[in-house]
Amino acid sequence: MMLALTRQVKLANVFWAYVLAGNICYQQDLVDQRCNLSEKRLACILLLLAHFDAHGSSETVVPKINHETLAEMVETTRSRVCFS
């Protein structure tokens, strides 16, 4: 892989862009986990699941997810999700 990255500049650029984008997402998730309340994280996840966009429109189909799965997505407990 190192040989390919040194010989092919375009491959190296795509690879590093991918690695850096993943790192940025990881950092954003970490900041979100530490700084935002579970209620805010729950609201953001529900908006993402509903495909809510910035224009105020949303799709009418929302996937069925149980409380346990939703709690894992929010990184909190099931009882906390049910309480919110």
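Nothing here was measured: the structure is a model prediction, and the numbers come from that model.

**Student:** Please provide a residue-by-residue account of the side chain of Ser 38, values included.
**Tutor:** Assignment of secondary structure puts Ser 38 in helix H3 (residues 38-49). With relative accessibility at 9%, the residue Ser 38 sits in the buried group.

**Student:** Give a detailed account of the packing of aromatic side chains, specifying residues and quantitative values.
**Tutor:** This structure, assessed with the given rule, holds one aromatic pair. Considering the side-chain rings of Phe 15 and Trp 16, the 5.1 Å spacing of their centres and the 70 degrees angle between planes classify their relative orientation as edge-to-face. Residue classification places Trp 16 among the partly exposed residues on the basis of a relative accessible area of 47%.

**Student:** Tell me about the nonpolar core, and name the residues and values.
**Tutor:** Core analysis: the largest hydrophobic core is formed by seven residues, namely Leu 42, Ile 45, Leu 49, Leu 70, Ala 71, Val 74 and Val 81. Counting only elements with at least two residues in this core, the list comes to H3 and helix H4 (67-74). Dropping the residues within four chain positions of it, Leu 49 is found in contact with Pro 63, Ile 65, Leu 70 and Met 73.

**Student:** Account for the side chain of Arg 41, with residues named and values stated.
**Tutor:** Among the secondary structure elements, Arg 41 is positioned in helix H3. Under the relative-accessibility criterion, Arg 41 is labelled buried at 9%.

**Student:** Go over H3, please, and point to the residues and values.
**Tutor:** Each α-helix winds once per 3.6 residues, and so residues spaced three or four apart point in a common direction. Taking 1.5 Å per residue, 12 residues should reach 16 Å; H3 reaches 16 Å between its end C-alpha atoms and fits that length. Burial in H3 covers these residues: Ser 38, Arg 41, Leu 42, Ile 45 and Leu 49. Here the buried residues of H3 occupy an arc of 100 degrees about the axis, which is enough to place them on one side. Packing partners of the buried residues in H3 comprise helix H2 (9-35), H4 and helix H5 (78-83).

**Student:** Could you give an account of the packing of H3 against H4, naming the residues involved and the relevant values?
**Tutor:** A pair of packed helices is characterised by two quantities: the angle between their axes and the separation of those axes. Running from N to C, H3 and H4 point in directions that differ by 110 degrees, and their axes come no closer than 9 Å. With respect to H4, the axis of H3 lies roughly perpendicular. As for the relative orientation of H3 and H4, their crossing is right-handed in sense. Each of Ser 38, Arg 41, Leu 42, Ile 45, Leu 46 and Leu 49 in H3 lies in contact with H4, whose residues at this interface are Leu 70, Met 73 and Val 74. A class-by-class count of the residues in the contact of H3 with H4 yields seven nonpolar, one polar and one charged.

About the thresholds
Residues numbered from 1 in each chain as written. Predicted model: local features only at pLDDT ≥ 70, side-chain atom pairs only at ≥ 80, totals over all residues. Heavy atoms only, no water. Helix = DSSP H or I, 4+ residues; strand = E, 2+ residues; numbered from the N terminus. Buried < 20%, exposed > 50% of the residue type's maximum accessible area, 1.4 Å probe, protein only. Phe/Tyr/Trp six-rings, centres within 6.5 Å; stacked < 30°, edge-to-face > 60°. Core = buried A, V, L, I, M, F, W, Y, C linked by side-chain atoms within 4.5 Å. Contact = heavy atoms within 4.5 Å. Expected span 1.5 Å × (residues − 1). Arc of directions from axis to C-beta. Axes fitted to C-alpha atoms, helices over the stretch in contact; angles between N-to-C directions. Parallel < 35°, antiparallel > 145°, perpendicular 65-115°, else oblique. Left-handed = near helix turned anticlockwise from the far one by under 90°. Nonpolar A, V, L, I, M, F, W, Y, C, P; charged D, E, K, R; others polar.

Remember, this is a structural readout, not a statement about activity or role.
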